[in-house]
Amino acid sequence: MSRDEMIKASQRLKAYNGFSDHLGFLSNFTFWATALILILIAGLKPIGLDRDSITYANYIQSYKDINLLALEPTFWVIKWFNDIFFNGNVRTFFLIYAILGVSIKFLAIKRLSKLPWLSVGVYLSSYFILHEMTQIRAGVATGFFLLSIPDIYNRNFKKFILKALLAFSFHYSAIAMFPLYFLHPKKLNIAYFLMPIVGLISVYFDLSKTLLLNLANLAPNFLAYKINIYLTLLELGEHSEINIVNFYYSSLLLLTYFGFFIYIKIKIKNDYDILFLKILALSLFSFYFFSDVPVFAFRISEFLNVVTVIFLPNFILYFKQKELIFLLVILFLLRTFYKSLSLLNL
């Protein structure tokens with residue numbers, strides 16, 4: 001190669017790198033701009049649009065009537081901060097939670113996902129309305145859960161326990177995180193293949209109510225209070241309906257067993273995917289096992305299911321017919337988003 005050709009090749013390479021850097025900046029900017037838009041949507045929503053915002057507004061304005069055990073410590077910290085710096089403004093209260101919930105999840109997507117924009121799609125269809133618009137405390141907790149996945153995989157106990165405690169301080173359902181550290185992140189055994197099936201069989205024995213009653217007697221006061229609230233609501237006939245063969249959980253069951261098939265036949269290639277499969281198996285077991293206490297079944301399983309934000313896009317990468325699988329995933333997300341809209345008072 002002549003000197004002139006080398007100079008031209010070098011110039012072309014520089015131009016390509018510059019264009020690539022420009023595209024990377026544009027993608028990154030768009031990614032975080034999307035997060036900002038979602039923060040504003042969740043934080044500035046009309047009070048009463050979702051099922052929980054009126055209750056939160058009442059909590060903020062008449063907190064003296066609330067049992068301190070009813071809400072996690074970070075709720076009171078955020079309320080105190082909002083009272084001091086924003087004069088107890090309801091809008092800023094929701095904005096604080098929206099900033100935390102959306103930004104932590106977007107950070108987790110950026111760090112963990114092979115297809116970040118598809119992960120954003122999964123998040124929007126399944127979790128944005130549920131968490132950042134409605135269950136705002138659980139929204140922040142699940143963000144910390146996603147961030148803890150590399151700590152479980154890399155056996156970094158100090159970082160994991162810090163994130164688990166932060167998640168727990170935002171929502172007590174994050175207690176489901178603590179045992180996950182002991183999962184082997186690189187091997188699957190027969191127990192996980194059987195867990196969803198065992199959970200389905202357990203539905204016919206109504207074991208969970210007795211188990212929760214016993215746990216309430218042993219648990220610390222703040223957890224016992226929550227368990228007893230759930231059981232009382234059940235006795236009153238509230239939150240007592242559940243369809244264990246609903247579209248979403250039946251789809252997750254299929255996804256999980258397809259994942260097991262991939263593990264056996266193709267071999268898992270992406271970091272964390274074996275761990276995600278184990279968590280999904282545990283989620284399905286908890287959903288079926290606790291189905292006679294529906295609010296508990298949904299709280300625990302929805303918390304664990306947030307790993308689908310990362311796992312579902314990864315799942316596509318295992319297939320040769322990626323376009324077909326991608327289309328099926330998009331149809332699933334559209335169906336899930338349509339269902340999520342029912343959480344809003346439209």
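The structure presented is a predicted model; accordingly, all values stated were derived computationally and were not measured. (Residues numbered from 1 in each chain as written. Predicted model: local features only at pLDDT ≥ 70, side-chain atom pairs only at ≥ 80, totals over all residues. Heavy atoms only, no water.)

On to the overall build of the protein chain. If you tally the helices and strands in the protein chain, you get 16 helices and 0 strands. Whereas a compact globule of 346 residues would reach a radius of gyration of roughly 20 Å, the protein chain reaches 22 Å, a difference of no more than 12%. Projected onto the principal axes, the alpha-carbon positions of the protein chain cover approximately 85 × 55 × 40 Å. The buried share of the protein chain, reckoned over its 346 residues, is 51%. Within the protein chain, residue pairs in contact and separated by at least 24 positions form 77% of the contacts whose partners lie at least 6 positions apart. Charged side chains in the protein chain number 31 positive and 19 negative. The centres of these two groups are separated by 9 Å. (Helix = DSSP H or I, 4+ residues; strand = E, 2+ residues; numbered from the N terminus. Rg over C-alpha atoms; globule rule 2.2 N^0.38 Å. Buried < 20%, exposed > 50% of the residue type's maximum accessible area, 1.4 Å probe, protein only. Contact = heavy atoms within 4.5 Å. Lys, Arg positive; Asp, Glu negative; His and termini not counted. Charge placed at Lys NZ, Arg CZ, Asp CG, Glu CD.)

This part takes up a nonpolar patch on the surface. Residues Ile190, Leu194, Ile197, Val198, Ile201, Tyr204, Phe205 and Leu207 make up a contiguous nonpolar surface patch of about 850 Å² in total accessible area. Structurally, Leu207 is set in the loop between helix H9 (190–202) and helix H10 (208–218). (Patch = residues over 30% accessible without salt bridge, like charges linked within 9 Å, V, L, I, M, F, W, Y side chains within 5 Å. Areas by Shrake-Rupley, 256 points an atom, 1.4 Å probe, with all protein chains shown as cover. Salt bridge = Lys/Arg side-chain N within 4 Å of Asp/Glu carboxyl O.)

One way to put it is that helix H12 (residues 247–265) packs onto helix H16 (residues 322–340) with a least axis distance of 11 Å and a crossing angle of 150°. It follows from the interaxial angle that H12 and H16 lie roughly antiparallel. Judged by the sense of rotation from one axis to the other, the crossing of H12 with H16 is left-handed. Between H12 and H16, the contacting residues are Phe247, Tyr248 and Ser251 on the first element and Phe332, Arg335 and Thr336 on the second. Residue classes in the contact of H12 with H16 are distributed as 3 nonpolar, 2 polar and 1 charged. (Axes fitted to C-alpha atoms, helices over the stretch in contact; angles between N-to-C directions. Parallel < 35°, antiparallel > 145°, perpendicular 65-115°, else oblique. Left-handed = near helix turned anticlockwise from the far one by under 90°. Nonpolar A, V, L, I, M, F, W, Y, C, P; charged D, E, K, R; others polar.)

A few words on the packing of aromatic side chains. Across all of its chains, the model carries 44 aromatic pairs by this definition. Over the aromatic face of Phe31 sits the side chain of Lys110, whose NZ or CZ is 4.7 Å from the ring centroid. A cation over an aromatic ring shows up here: Arg155 above the ring of Tyr181, its NZ or CZ 4.2 Å from the ring centre. (Phe/Tyr/Trp six-rings, centres within 6.5 Å; stacked < 30°, edge-to-face > 60°. Lys NZ or Arg CZ within 6 Å of the ring centre and 35° of its normal.)

Turning our eyes to something else, we now look at the side chain of Ser119. Checked against the element boundaries, Ser119 lands in helix H5 (residues 116–132). In contact with Ser119, not counting residues within four places along its chain, are Ile109, Ser113, Val309, Ile310 and Pro313.

Turning next to the pattern of salt bridges. Applying the stated rule across the entire model yields 5 salt bridges. Between Arg137 and Glu72 there is a salt bridge, with its nearest N and O atoms 2.7 Å apart. With a gap of 65 residues between them, Arg137 in helix H6 (residues 136–147) and Glu72 in the loop between helix H2 (53–61) and helix H3 (73–86) connect regions that are remote in the sequence. Considered together, Arg137 and Glu72 belong to a single accessibility category, that of buried residues. Among the salt bridges present, the one from Asp151 reaches Lys163, with a minimum N-O distance of 2.6 Å. With Asp151 in helix H7 (residues 149–153) and Lys163 in helix H8 (residues 157–170), the pair connects residues that are 12 residues apart, well separated along the chain. For the residue pair Asp151 and Lys163, the accessibility class agrees, reading buried in each case.

The next subject is the environment of Val295. Turning to its location among the elements, Val295 is positioned in helix H14 (residues 294–305). Val295 sits 54 residues away from Glu241 along the chain, and the two C-alpha atoms are 8.9 Å apart.

A residue is classified by how much of its surface remains accessible, and Glu72, at 1% relative accessible area, is buried. Separated by 3.2 Å, the side chain of Glu72 and the backbone nitrogen of Tyr172 make a polar contact. Not counting the four nearest positions on each side in its chain, Glu72 is found in contact with Arg137, Phe168, Ser169, Phe170, His171, Tyr172 and Lys226. (Polar contact = N/O pair within 3.5 Å; in protein donor to acceptor, adjacent residues only side chain to side chain.)

Here the phi dihedral of Asp206 falls at roughly 45°; this positive angle occurs in a residue that is not glycine. Considering the arrangement of structural elements, one finds Asp206 in the loop between H9 and H10. Residues other than glycine seldom take positive phi values, yet Tyr272 does so here, at roughly 80°. Using a relative accessible area of 15% as the deciding quantity, one classes Tyr272 as buried.

Their axes nearest at 7 Å, the elements H5 and H16 cross at an angle of 25°. By the criterion of interaxial angle, the relationship of H5 to H16 is roughly parallel. Judged by the twist between their axes, the crossing of H5 over H16 is left-handed. Listed contacts from H16 to Leu118, Gly121, Val122, Leu124, Ser125, Ser126 and Ile129 of H5 are Phe326, Ile330, Leu333, Thr336, Phe337 and Ser340. Partitioned by chemical class, the residues of the contact of H5 with H16 number 8 nonpolar, 5 polar and no charged.

Each turn of an α-helix holds 3.6 residues, which means side chains three or four residues apart point in the same direction. The end-to-end C-alpha distance of H8, which contains 14 residues, comes to 20 Å, matching closely the 20 Å that a straight helix rising 1.5 Å per residue would cover. Those residues of H8 that are buried are in contact with H3, helix H4 (90–112), H6, H7 and helix H11 (221–235). (Expected span 1.5 Å × (residues − 1).)

The subject of this paragraph is the nonpolar core. Counting residues in hydrophobic clusters, the biggest one holds 114 residues, and the most contacted among them are Phe93, Tyr123, Phe145, Ile149 and Ile279. For this core, the leading source of residues is H4, giving 12 residues. What Tyr123 contacts, discounting residues up to four positions off in sequence, is Leu38, Val102, Lys105, Phe106, Ile109, Phe128, Glu132 and Val309. (Core = buried A, V, L, I, M, F, W, Y, C linked by side-chain atoms within 4.5 Å.)

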